[in-house]
Amino acid sequence: MRIDETVKALMRLDDGVLMRGAFIVMLMAAGTFLLIDLRDLAAQNAELSGFDPMLEDRPVLLPAVTEAAPNGPPVQPGSSDEVLRQPMKFDLRPGGVLLAEGTIDLGAGSRFAEEIEARGEYVKTVTFNSPGGSVDDALAMSKLIREKKLDTKVAAKALCASSCPIVFAGGVARVAEKDALIGVHQVFSGGEERPTPAQAMSFAQSTTARVVRHLDTMGVGPSLWINALETPPDRLYYLTEKEMADFHLTTEPVATAKTKG
């Protein structure tokens, strides 16, 4: 194909296709730079091996990296570390609200499916208070929420961090009240076993691809995850109200959500 024919073909593509293509190219470039810095990754991996924010000697509420809150979260959460560290529990409340609270531990996705199977006809909205956890379980919960056409919510001073925003993205309508704490960071392989640099790289790339693809399917701007890619696992990038709206993570203004809540 001649160059002029190639240019004409590109001009026929809509803006959405071009933007998605540009984002994919950007992710590929990021992967290239990560491969170049493999030695640095090995050193970082040694430091973070066994890192688990749910361990008692790790803070549940991680320090921020955003300029608006350089040393801590924008507001203090309304729940204690003890509540947030517990394996995720589900509590059906009046008005068809199902509270999902605690760590997204291994198996949380299966327990959530059982809860929906048993009482799903009463559930209209799933509200979160969670520091995150297992990405696999988060993806499973998010997909089920969308399949059942449920809404999602993060209340004022509730936390939805790490993998929790992945679950939140599954809602048909997604509401974050004023002072809701929603944050993201890099995915990592937790536990005591130390993966090799190659294993860590493979895990990070494949998991990131799955998350980005899922966000896109849910109607959330996949570029949201750039903030996660830039944020170390022991920090959080707390999203602002404007960022959540711009990335379509929320589906209506926070002020309106608060009034309706």
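Everything here concerns the structure above.
Residues numbered from 1 in each chain as written. Predicted model: local features only at pLDDT ≥ 70, side-chain atom pairs only at ≥ 80, totals over all residues. Heavy atoms only, no water.

(A) Quick peek at the nonpolar core. Counting 44 residues, the largest nonpolar core has Phe 112, Phe 128, Ile 182, Trp 225 and Leu 249 as the members making the most contacts within it. Elements supplying a minimum of two residues to this core: strand S2 (97-101), helix H5 (108-119), strand S3 (125-129), helix H6 (135-147), helix H7 (164-168), strand S7 (181-184), helix H8 (197-217) and helix H9 (224-229). Per-element accounting of this core gives the leading share, six residues, to H6. Contacts of Trp 225, omitting those with residues within four sequence positions, involve Ser 162, Ile 166, Val 184, His 185, Val 187, Thr 208, Val 211, Val 212 and Leu 215. If you look at the next biggest cluster of nonpolar residues, it comprises seven residues, including Val 75, Ala 161, Leu 181 and Leu 236. (Core = buried A, V, L, I, M, F, W, Y, C linked by side-chain atoms within 4.5 Å. Buried < 20%, exposed > 50% of the residue type's maximum accessible area, 1.4 Å probe, protein only. Helix = DSSP H or I, 4+ residues; strand = E, 2+ residues; numbered from the N terminus. Contact = heavy atoms within 4.5 Å.)

(B) Representation of the sheet that holds S2 within the structure. Within the open sheet, the five strands sit side by side as S1-S2-S3-S4-S6. Their pairing is mixed. On the outer flanks of this sheet lie strand S1 (89-93) and strand S6 (174-176), each paired with one strand and no other. Neighbour-to-neighbour, the strand axes of this sheet turn through a mean angle of 20 degrees, independent of strand direction. As paired strands, strand S4 (residues 151-154) and S6 are joined by three bridges and run parallel to one another. Opposite Lys 153, over in S6, you have Val 175 as the bridge partner. Across the sheet, H5 touches S1, S2 and S3, and the angle it forms with S1 is around 25 degrees. (Pairing = 2+ DSSP bridges. Axes fitted to C-alpha atoms, helices over the stretch in contact; angles between N-to-C directions.)

(C) The environment of Asp 105, seen in detail. With respect to the element layout, Asp 105 can be found in the loop between S2 and H5. Setting aside its immediate chain neighbours within four residues, Asp 105 contacts Pro 87, Met 88, Arg 111, Ser 134 and Asp 137.

(D) Just the pairing of S2, in detail. Of all five residues in S2, four are buried, a share of seventy percent or more. Direction of pairing for S1 relative to S2: antiparallel, over a ladder of five bridges. Residue pairing across strands places Leu 92 opposite Leu 98, the latter belonging to S2. Between the end of S1 and the start of S2, which pair antiparallel, lie three residues, with Gly 95 showing a positive phi angle near 80 degrees. Taking the sense of rotation as the criterion, the β-α-β connection linking S2, H5 and S3 turns out right-handed. (Right-handed = clockwise from strand over helix to strand, strands pointing away.)

(E) Highlighting the pairing of S7. Going residue by residue along S7, you find Leu 181 and Gly 183 tucked away on one face and Ile 182 and Val 184 tucked away on the opposite face as well. Both strand S5 (residues 159-161) and S7 contribute to a ladder of three bridges, which runs parallel. Bridge pairing links Ala 161 to Gly 183 in S7. Across two bridges, S7 lies against strand S8 (residues 237-238) in antiparallel orientation. What sits directly across from Val 184, in S8, is Tyr 237.

(F) Quick look at the state of the cysteines. One pass over the structure, following the stated rule, counts one disulfide. Across the disulfide from Cys 160 sits Cys 164; the S-S distance is 2.2 Å. Sign of the S-S torsion, about -100 degrees for the bond between Cys 160 and Cys 164, identifies this disulfide as left-handed. Overall, the relative accessible area of 0% leaves Cys 160 in the buried class. Residue class for Cys 164 comes out buried when judged on its relative accessible area of 0%. (Disulfide = S-S within 2.5 Å.)

(G) A look at unusual backbone geometry. Located in the positive-phi region is Ser 162, a residue other than glycine, with phi close to 60 degrees. Position of Ser 162 among the secondary structure elements: in the loop between S5 and H7.

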